[in-house]
Amino acid sequence: MSNFEVTNLKVNYRKNPLGIDDLHPRLSWWISTEIRGFIQSAYQVQVANDHKFFSKIIWDSEKVESDSNVHIEYEGPALQSRTRYYFRVRAWDDHGIVSEWSEPVFWETALLSVDEWQAKWISAPPNHQENGADPCDYIRTEFSIPDNVVSARVYATSLGMYRLYINGKPADNTLFNPGWTSYNKRLQYQTYDVTSLIAAGNNALGCMVGNGWYKGYLAWEGKKNIFGEDRAVLIQLHVTLSDGSEQIIVSDDNWRTSTGPLLMSELYHGERYDARLEVEGWSSPGFEDVKWQKTILKDRPETSLVAQENEPTRVIETIKPIAVITTPKGEHVLDMGQNMVGWVRFTVHAEAGTIITLEHAEVLDREGNFYIGNLRSAKQTVTYICHGGEAETFEPYLSFQGFRYVKVTGIPLDQLLEQFIGCVIHTDLEQTGNFNCSDVLLNQLQHNILWGQKGNFLDIPTDCPQRDERLGWTGDAQVFIRTSAYNMNVVPFFEKWLKDLAADQEEDGRVPHVVPDVPAAGYGSAAWGDAAVICPWTLYQCYGDIRVLKTQYPSMKAWVEYIRAQGEDEYLWNTGFHFGDWLGLDAKENSYVGATPKELIATAFYAYSTELLAKTAAVIGKPEDALKYEALHEKIILAFRQEFVTPNGRVASPTQTAYTLALMFDLLEEKDRHRTAKMLADHIEENGVHLTTGFVGTPYLCLVLSRFGYTDVAYQLLLQKEYPSWLYSVIRGATTIWEHWDGIKQDGSFWSDDMNSYNHYAYGAIGDWLYRTAGGIELLEAGYKKIRIQPQIGEHLTWVDASLESVHGTIKVTWKKQNEDSVEMQVLIPSNTTAEIIIPTMNQDSILESGTPIEQVIGLSSVEQMSEGLKLLVGSGDYYFKFPMT
């Protein structure tokens, strides 16, 4: 018997994924053991069609000598469509002992060939309303099943947003399908296991379809139909019967359609639902649909269809309002206690025709009144017209709101608090990180960062979830991606989005400012378009998965070559439109752009993306490209120094962002870096320990300070309570991250109505520093195969508790000052990895681990003296250190 086991098996980062079209899925697992220093020496993977006895093995890797336990590609016979495969693993340790077989998990393929689609695209006849609203379509069909059902799967998608029903019940609990992609180039379809919903005899299938992102209003110009003008659905049901036969039901022009109670549904504006128009049983068998119209066939090639790639969107949690407020204007407002994204579910007992209206807002104004000025044209209003009779419960179907406050009309005040529930909706991402510390304001900041990610990671990484925008801004995504990868498992989420980025990239390599592309937003800005390179590289670093680099490499290369083609000097980027240091506080009056020259920022990011491209080429086995882009990188750096650095080594533009980028991207000569770092620290202190950075400089500011020995300044900056600072918004009651440092000014007035989101995660990029520096969790090799543990303890906190569920297992650091003289630190290193633990003392004899002198520690392989202290090289395990304060 081994004293270790194989656990937490996943396929493409997910447990038991249903309906994938990956021909070579990536298999991963953890090793669970209390043994210190565990290293896997070999593994064996088996894939079978049955899970109980593995009697039908279709692929056996046999024993593979390797310490890899992540991203093992399936290499067996070609996978078949609509087939469930089970896999199990056993592993050997470095003594040749083998584990028991793991419990099997599965993946199920979708339709692997476009030729397997028998369904036809169908639409409802045009139904243009004088008020411009588009009533949602209700589409249905009935079918008979002659035998007992063994399994049933629906494959479905839409042009628009759809909800699927089988025999009157939702097909599952996912929302906002098919999601938002570059619809005309890549359209996702979903797979539903509806076995339990279908029985022998008569059955019905119903589908509700609304505008969604496909043809609803998008961006700030009041335009709709960005991707197309006609809603449509494509639905194919496969039912396997007990006699082994199969019955296929497909969408065609025999299906029937009508309108119903959902009279309007728009992502920005909300919904209007008239319960008096409800058609009972419309998605159940036996419904009389003779008065419904026939659907219309729509000609659309299926070649762009891809199986669902990211996790679905769901109601993830519910929260109750904490108070009912009667405002100075006399309006009744629910306070949810949290700025959230989703909708409100409510129950009402009222007469037929009673109109219930819910308006949604993020903040109250300084008088305490309901405020919607920052929503711009977005109405965020849900209107419900009562059916009458029994109690009625309603929640929206095909829209979401960003809000903390809900103004309610039509319901008596005494019914408000108990009858309303907030449904928090976002992509169902696994939370992988936790950060807590001795400072309650910092804990609230981390809470705000996490909730900003929840609200804005809704199928794509949006900038904000409330106003007439909610777009996939590339700049916001790239500055936040490293923080997001600490908080949650974001690989499938970003892989899908990056494929859309590549699909929407122009032929010359330009990247849209927003992805999926909405033309009103524009193209080609430095630090925004660089998401094409920075995001794939960050995913590779955090998860060790080379596939994302291989997939995105043409896009990465196209972006760098686009920059190279700009202007007269191929080593400087000093042409075109750029956002610059967006919302930098050193901007001129009435400007959104900080004082750092745009061409300096553009050339700095040109250098950085080129460096990452060269590294990517080396990793994926393109040595010629690696050499080519290494040489280009060196020339860009030389050009940067000639253009933006004085002959004596000073950055010519003395701004915090200019200093930060020059240091972060290693653009200065070695001899000039420490002096520049001191100039940055001095600039901050001379500014009263305040930052002046915007979207471009802020994410790197504290990282640079700590790298060059100014962690104390970084702590002071982070813990600054006066505006501008991260904690200013916390003190003002924020529960998510603000777009502007002074979204609400000290006198209670607002920064502006034009662009003032209170749920905008970009400045939440400080979470990266919290995990890396205060928590001390940093990677040394991609995927945390080798880890550095080096918390910067300092004077400002008395304890920190940080953890990360990496692809190999849980990494955890908890440090606590016992008194003025000593620190206790617990470190958990996952199996099959190694770590460097930096203890900030030079006296080896003063360190104890579980009460044992350091030289006797099991799992320790070496001790090395460094300028920061002692570096301990350890294997996996749980360690308890005690050492003196320095």
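Criteria and cut-off values
- Residues numbered from 1 in each chain as written.
- Predicted model: local features only at pLDDT ≥ 70, side-chain atom pairs only at ≥ 80, totals over all residues.
- Heavy atoms only, no water.
- Helix = DSSP H or I, 4+ residues; strand = E, 2+ residues; numbered from the N terminus.
- Buried < 20%, exposed > 50% of the residue type's maximum accessible area, 1.4 Å probe, protein only.
- Contact = heavy atoms within 4.5 Å.
- Areas by Shrake-Rupley, 256 points an atom, 1.4 Å probe, with all protein chains shown as cover.
- Lys, Arg positive; Asp, Glu negative; His and termini not counted.
- Charge placed at Lys NZ, Arg CZ, Asp CG, Glu CD.
- Disulfide = S-S within 2.5 Å.
- Phe/Tyr/Trp six-rings, centres within 6.5 Å; stacked < 30°, edge-to-face > 60°.
- Lys NZ or Arg CZ within 6 Å of the ring centre and 35° of its normal.
- Salt bridge = Lys/Arg side-chain N within 4 Å of Asp/Glu carboxyl O.
- Pairing = 2+ DSSP bridges.
- Axes fitted to C-alpha atoms, helices over the stretch in contact; angles between N-to-C directions.
- Parallel < 35°, antiparallel > 145°, perpendicular 65-115°, else oblique.
- Left-handed = near helix turned anticlockwise from the far one by under 90°.
- Nonpolar A, V, L, I, M, F, W, Y, C, P; charged D, E, K, R; others polar.

J.: How would you summarise the overall build of the protein if you had to cite specific residues and measurements?
T.: What the protein contains, in helices and strands, is 15 helices and 48 strands. Its C-alpha atoms give the protein principal-axis dimensions of roughly 85 × 70 × 60 Å. The 886 residues of the protein split such that 62% are buried. Partitioning the intrachain contacts of the protein with sequence separation of at least 6 by distance along the chain shows that 74% fall at a separation of at least 24. With an accessible surface of roughly 32800 Å², the protein has 47% of that area assigned to carbon and sulfur atoms. Where the 75 positive side-chain charges of the protein centre and where its 117 negative ones centre are 1 Å apart.

J.: Can you break down helix H15 (residues 766–774) residue by residue, with the values?
T.: Most of H15 is tucked away: nine of the nine residues are buried. All of the buried residues in H15 are Ile766, Gly767, Asp768, Trp769, Leu770, Tyr771, Arg772, Thr773 and Ala774. Gly776 sits one or two residues past H15 and shows a positive phi near 80°.

J.: How would you summarise the state of the cysteines if you had to cite specific residues and measurements?
T.: Across all of its chains, the model carries zero disulfides by this definition. Unpaired in terms of disulfides, Cys136 finds its nearest cysteine sulfur in Cys207, a separation of 11 Å. The thiol sulfur of Cys542 is not disulfide-bonded, and the nearest other cysteine sulfur, from Cys535, lies at 11 Å.

J.: For the packing of aromatic side chains, give the residues involved together with the corresponding values.
T.: Scanning the entire structure with this criterion turns up 60 aromatic pairs. Ring plane angle 80° and centroid distance 6.0 Å describe the contact between Phe494 and Trp497, whose orientation is recorded as edge-to-face. Of the two residues, Phe494 and Trp497 are both situated in helix H5 (residues 491–504); the distance of three residues between them amounts to about one turn of the helix. Both residues of the pair, Phe494 and Trp497, belong to the buried class. Measuring from ring centre to ring centre gives 5.3 Å for Phe579 and Trp582, while their planes differ by 80°; the resulting arrangement is edge-to-face. Residue Phe579 shares its accessibility class with Trp582, and that shared class is buried. An aromatic cluster of at least three residues, connected via ring pairs, comprises Trp220, Trp473, Trp528, Phe577, Phe579, Trp582, Tyr592 and Trp751. It is Arg88 that lies over the ring of Phe54; its NZ or CZ is 4.3 Å from the centre. When the ring centre of Tyr523 is taken as origin, the NZ or CZ atom of Arg510, which lies over that ring, is 5.3 Å away.

J.: Lay out the pattern of salt bridges with the relevant residues and their values.
T.: Inspection of the entire model under this criterion finds 61 salt bridges. Here Lys215 and Asp134 are joined by a salt bridge, their closest N and O atoms 3.2 Å apart. Linking Lys215 in helix H1 (residues 212–215) with Asp134 in the loop between strand E10 (122–123) and strand E11 (137–145), this pair joins segments that are 81 residues apart in sequence. Here Lys215 and Asp134 have matching classes, each one buried. Residue Arg788 pairs with Glu836 through a salt bridge whose shortest N-O separation is 3.5 Å. One end of the pair, Arg788, is in strand E39 (residues 786–789); the other, Glu836, is in strand E43 (residues 834–839), and 48 residues separate them in sequence. Among the residues examined, Arg788 registers a relative accessible area of 26% and is labelled partly exposed. One continuous salt-bridge network, built from bridges that share partners, spans Arg376, Asp463, Arg467, Asp468, Glu469 and Glu739.

J.: If you had to explain the sheet that holds strand E47 (residues 869–874) to someone new, which residues and values would you point to?
T.: Spatially, E38-E39-E43-E47-E46 is the arrangement adopted by the five strands of the open sheet, whose pairing is mixed. Looking along the sheet, the strands with just one partner apiece sit at the ends: strand E38 (777–779) and strand E46 (860–866). Sheet twist, expressed as the mean angle between neighbouring strand axes with direction ignored, is 20°. With three bridges joining them, E38 and E39 adopt antiparallel strand pairing. Looking at E39, one finds that Ile777 is bridged to Ile789.

J.: Quick rundown of the packing of helix H8 (residues 598–619) against helix H9 (residues 623–644)? Include the residues and the values.
T.: One way to put it is that H8 packs onto H9 with a least axis distance of 8 Å and a crossing angle of 160°. Considered as vectors, H8 and H9 are oriented roughly antiparallel to each other. Here H8 and H9 pass one another in a crossing that is left-handed. Residue-level inspection shows Glu599, Leu600, Thr603, Ala604, Tyr606, Ala607, Thr610, Glu611, Leu613, Ala614, Ala617 and Ala618 of H8 in contact with H9, the latter providing Pro623, Asp625, Ala626, Tyr629, Glu630, Leu632, His633, Ile636, Phe640 and Phe644. Taken together, the residues of the contact of H8 with H9 sort by class into 15 nonpolar, three polar and four charged.

J.: Requested: an account of the packing of H5 against helix H7 (residues 547–564), with residues and values cited.
T.: Any two packed helices are characterised by the angle at which their axes cross and by the distance between the axes. Here H5 crosses H7 at 20°, and the two axes come no closer than 9 Å. Comparing the axis directions of H5 and H7 gives the class roughly parallel. The crossing of H5 and H7 is left-handed. Packed against H5, whose contacting residues are Glu495, Leu498, Lys499, Leu501 and Ala502, the element H7 presents Val548, Thr551, Gln552 and Ser555 at the interface.

J.: Explain the sheet that holds strand E7 (residues 72–73) residue by residue, including any values.
T.: On the basis of which strands lie adjacent, the open sheet formed by three strands has the order E1-E3-E7 and antiparallel pairing. In this open sheet, the two strands that pair with only one neighbour each are strand E1 (4–11) and E7. Strand direction decides the pairing type here: E1 and strand E3 (residues 26–33), joined by six bridges, are antiparallel. Bridge pairing in E3 places Glu5 opposite Ser32.

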